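Residue strings, one per chain:
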Amino acid sequence: GFDLEMLDALAARVHVPIIASGGAGNREHFAELFTHPGIDAGLAASIFHTGEVDIKELKRFLRDRGVEMRL
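All residue numbers here refer to positions counted from 1 along the written sequence of the relevant chain. Local features in this predicted model are restricted to residues whose pLDDT is 70 or higher, and side-chain atom pairs enter the listing and the counts only when it is 80 or higher, whereas totals over whole chains, interfaces and linings include all residues. Water and hydrogen atoms were dropped before computing side-chain values, which therefore reflect all heavy atoms in the structure.

Engineer: Help me understand the nonpolar core, please; the structure alone is not making it clear to me.
Structural biologist: Generally speaking, soluble globular proteins have nonpolar side chains that are buried together. Of all hydrophobic cores here, the largest spans 17 residues; its most connected members are Phe2, Leu7, Phe30, Leu33 and Leu62. Numbering goes from the N terminus for both helices and strands, where a helix is a DSSP run of H or I of at least four residues and a strand is a run of E of at least two. Where this core is concerned, the elements lending two or more residues are α1 (4-13), α2 (27-33) and α4 (55-64). In what follows, residue pairs with any heavy atoms lying within 4.5 Å of each other are defined as contacts. Not counting residues within four places of it along the chain, the set of residues in contact with Leu33 comprises Phe2, Leu4, Leu7, Ala20, Ile39, Ala41 and Gly42. Residues enter a nonpolar core if they are buried and are Ala, Val, Leu, Ile, Met, Phe, Trp, Tyr or Cys, with the set joined through side-chain atoms within 4.5 Å. The cut-offs for exposure are 20% and 50% of the maximum accessible area for each residue type, with area from a 1.4 Å probe on protein chains only; residues under the lower value are buried, those over the upper are exposed, and the others partly exposed.

Set out below in structure tokens:
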């Protein structure tokens, strides 16, 4: 998953948008990421390229959990 401890420490120190990148292995990692205040976005690549996670499915999954999401 994302390095949430490091991201939380960063969010406590800076006042710019934070985009978490690297570490996402499944859709639950994204759901957990967006429970952390100060995190504005999450980025991933390989899980989409390999087909491990479908982008549309991830967006629906997150929206169903209360994450504001464009479909």
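Engineer: Honestly, the side chain of His29 in this entry has me stumped. Any pointers?
Structural biologist: Tracing the backbone shows His29 in helix α2. A distance of 2.8 Å separates a polar side-chain atom of His29 from the backbone nitrogen of Gly25. Contact partners of His29, with chain neighbours within four places excluded, come to Gly1, Phe2, Gly23 and Ala24. In protein, a polar contact means a hydrogen-donor-capable atom and an acceptor-capable atom, both N or O and within 3.5 Å, with residues adjacent in sequence counting only if both atoms are side-chain atoms; elsewhere, any N or O pair within 3.5 Å suffices.

Engineer: In this structure, what is going on with α4? I would like to understand it.
Structural biologist: Residue pairs spaced three or four apart in an α-helix point in one direction, given the helix's 3.6 residues per turn. Every buried residue belonging to α4 is among Leu58, Phe61 and Leu62, and all of these are buried. Projected down its long axis, α4 shows its buried positions confined to an angular sector of 95°, all on one face. For α4, exposure combined with an orientation more than 90 degrees from the buried face picks out Lys56 and Asp64. Structurally, α4 contributes buried residues whose contacts are with α2 and α3 (46-49). The backbone nitrogen of Lys56 has a side-chain oxygen 3.2 Å away, supplied by the residue at the start of α4, namely Asp54. Of the residues flanking the end of α4, it is Gly66, one or two places downstream, whose phi is positive at about 90°. As used here, the arc is the angular range of directions from the helix axis to the C-beta atoms.

Engineer: Looking at this model, I keep getting lost on the pattern of salt bridges. Mind explaining?
Structural biologist: Opposite charge on two side chains lets them pair, provided their charged atoms get close. For salt bridges, the criterion is a side-chain nitrogen of Lys or Arg within 4 Å of an Asp or Glu carboxyl oxygen. Using the criterion set out here, one finds three salt bridges in the structure. The residue Arg27 makes a salt bridge to Glu28 at a minimum N-O spacing of 3.7 Å. Between Arg63 and Asp64 there is a salt bridge whose closest N-O contact spans 3.8 Å. For Arg63, a relative accessible area of 39% puts it in the partly exposed group. A residue is classified by how much of its surface remains accessible, and Asp64, at 56% relative accessible area, is exposed. Three or more residues are tied together by salt bridges with common partners; here these are Arg27, Glu28 and Glu57.

Engineer: Whenever I open this one, the side chain of His36 confuses me. Can you help?
Structural biologist: Counting through the fold element by element, His36 comes out in the loop between α2 and β2 (41-43). Relative accessible area serves as the criterion here: at 17%, His36 is assigned to the buried category. Within the local environment of His36, its side chain forms a polar contact with the side chain of Asp8, the two groups lying 2.8 Å apart. Setting aside chain neighbours within four positions, we find His36 in contact with Leu4 and Asp8.

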